[in-house]
Amino acid sequence: MKLGARIFKTGIAITLALYLASWIGLPSPIFAGIAAIFAIQPSIYRSFLIIIDQVQANIIGAVIATVFGLIFGPSPIMIGLTAVIVITIMLKLKIEHTISIALVTVIAILETPGNSFLTFALIRTSTVILGVLSSFIVNLVFLPPKYETKLTHHTVEYTDEIMKWIRLTMRQSTEHSILKEDIEKLKEKMMKLDHTYLLYKEERSYFKKTTYVKSRKLVLFRQAIITANRALDTLKKLHRYENEIYHMPEEFQETLTEEIDYLLHWHERILMRTVGKIKPHDDDAEESIRYKQLLTKSFLKNQQNCEDELLDYNMLSIMAAVAEYREQLEHLDTLITSFQTYHPKDSELETDEDE
């Protein structure tokens, strides 16, 4: 099991909330620690959004709990009834993700009767808000997430894994069932990569220059992910039609292998340029066009001699996947060239990350 930054931040937030509540002299500081748990978020921007919603939910829960407590008095039945009403209001306001913190506030206020109920309710509400604020401080100060580094690292790692499987598949060196399982795992990894991209997109820049550079990086990362997905689509087609490829004309098989090998080589060079390991190669796009023409000629030539319509359709399906992969590679190559030309100081993206 991997202990990530969010786990450590949760522990720090709980500790900070408990210490602050005890230092201020608030009774039952445990509620501050509980509130801190719900407010930890994977990014600073999300933490800012959640603190607004949770403070709002905390106030709503506190007001309703106070009103019911003053009218009916604290009791287990009233806590349950108040919880139902608060949940209903949270759902109506479409802030259901704050239900937990609102219920913590309700229980904190109604679980212990007191002579000065309003003062007691105010203190408990303040205790919960203190826990939420503690989490925000921890998100802001301790172990700030480096989603750009994480995104670069995982994009290179997952794409490299896809390309290795494509090479093995083209040389019929894979076990069908094992590759099928790994394709499913790769799909899940690409979904996680999309989630990381969204977290990176949510991060805010505070200077005009960095905002512009980040907008260019967002376009670049988005295209890198799209290209990796097209490579994965190609792998899925090669895996699906593995037996059909074996029965295709030998000339077409050789041309297809050469075309895919070059696209993989081109993709690798683009990834290495992204992390600043090699310089641009101007002949990549021209070479791709040449291989594309060879593959098309080989297909047309063998189509005349192919009597199996299903085999002909399968060849078209594979060629379509390869063509889409090539097109996205060309676009990615253009974007990385443009980015490195106009932003040379920001062109080398870091891949080392602290998990």
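Residues numbered from 1 in each chain as written. Predicted model: local features only at pLDDT ≥ 70, side-chain atom pairs only at ≥ 80, totals over all residues. Heavy atoms only, no water.

Undergrad: What should I look at first to understand the overall build of the chain in this one?
TA: Of regular secondary structure, the chain possesses 13 helices and zero strands. Beginning at the N terminus, the succession of helices and strands in the chain can be written as α-α-α-α-α-α-α-α-α-α-α-α-α. Out of the 355 residues belonging to the chain, those deemed buried represent 45%. Summarising the internal contacts of the chain: among those between residues at least 6 apart in sequence, 78% fall at separations of at least 24. (Helix = DSSP H or I, 4+ residues; strand = E, 2+ residues; numbered from the N terminus. Buried < 20%, exposed > 50% of the residue type's maximum accessible area, 1.4 Å probe, protein only. Contact = heavy atoms within 4.5 Å.)

Undergrad: Honestly, the nonpolar core in this entry has me stumped. Any pointers?
TA: For soluble globular proteins, the rule of thumb is that nonpolar side chains tend to be buried together. In terms of nonpolar packing, the biggest core is built from 49 residues, with Ile162, Ile166, Met190, Leu235, Ile260 and Ile318 touching the most fellow members. Where this core is concerned, the elements lending two or more residues are helix H7 (147-170), helix H8 (176-202), helix H9 (208-240), helix H11 (250-274) and helix H13 (309-342). For this core, the element with the most residues is H9, which contributes 11 residues. Filtering out sequence-adjacent residues up to four positions away, Leu235 remains in contact with Ile162, Trp165, Ile166, Thr169, Leu179, Ile183 and Leu186. Counting residues in each nonpolar core, the second largest holds 26 residues, with Ala62, Met90, Ala108 and Ala121 among its members. (Core = buried A, V, L, I, M, F, W, Y, C linked by side-chain atoms within 4.5 Å.)

Undergrad: Teacher, can you tell me more about empty space enclosed by the protein here?
TA: The gaps of empty space that remain are located by a probe, the size of a water molecule, rolled over the atoms. Evaluated as defined, the whole model comprises one cavity of 30 Å³ or more. Space inside the largest cavity adds up to approximately 80 Å³. Lining the largest cavity, in full, are Thr152, Thr155, Val156, Leu220, Phe221, Ala224, Leu271, Thr274 and Leu332. For the lining of the largest cavity, the secondary-structure elements that each account for two or more residues are H7, H9 and H11. Grouping the amino acids of the lining of the largest cavity by side-chain chemistry returns six nonpolar, three polar and no charged. (1 Å grid on protein atoms, 1.4 Å probe; cavity = no way out; pocket = protein on both sides within 12 Å on 5 of 7 lines; lining within 4 Å. Points joined across faces, edges and corners; volume = space filled by probe spheres on them. Nonpolar A, V, L, I, M, F, W, Y, C, P; charged D, E, K, R; others polar.)

Undergrad: I would appreciate a short explanation of the pattern of salt bridges in the present structure.
TA: A pair can form between side chains of opposite charge whenever their charged atoms are brought close. Applying the stated criterion across every chain yields a total of 11 salt bridges. When the shortest N-O distance is used, the salt bridge between Glu148 and Lys217 registers 2.9 Å. Within this pair, whereas Glu148 is found in helix H7, its partner Lys217 is found in helix H9, the two being separated by 69 residues in sequence. In this structure Glu148 comes out as partly exposed when scored by relative accessible area, which is 22%. Note on Lys217: relative accessible area 9%, which makes it buried. The partner of Lys187 in a salt bridge is Glu184, and the shortest N-O contact between them spans 3.3 Å. Taken as a pair, Lys187 and Glu184 lie in helix H8 at a separation of three residues, close to a single helical turn. Classification of Glu184 as partly exposed rests on a relative accessible area of 41%. The network of salt bridges with common partners includes Arg230, Asp233 and Lys236. (Salt bridge = Lys/Arg side-chain N within 4 Å of Asp/Glu carboxyl O.)

Undergrad: I would appreciate a short explanation of a nonpolar patch on the surface in the present structure.
TA: On the surface, Ile59, Val63, Val67, Leu70, Ile71, Phe72 and Leu118 cluster together to form a nonpolar patch covering roughly 690 Å² of accessible area. If one sorts the elements of the nonpolar patch by residue count, helix H3 (residues 44-72) sits on top with six residues. (Patch = residues over 30% accessible without salt bridge, like charges linked within 9 Å, V, L, I, M, F, W, Y side chains within 5 Å. Areas by Shrake-Rupley, 256 points an atom, 1.4 Å probe, with all protein chains shown as cover.)

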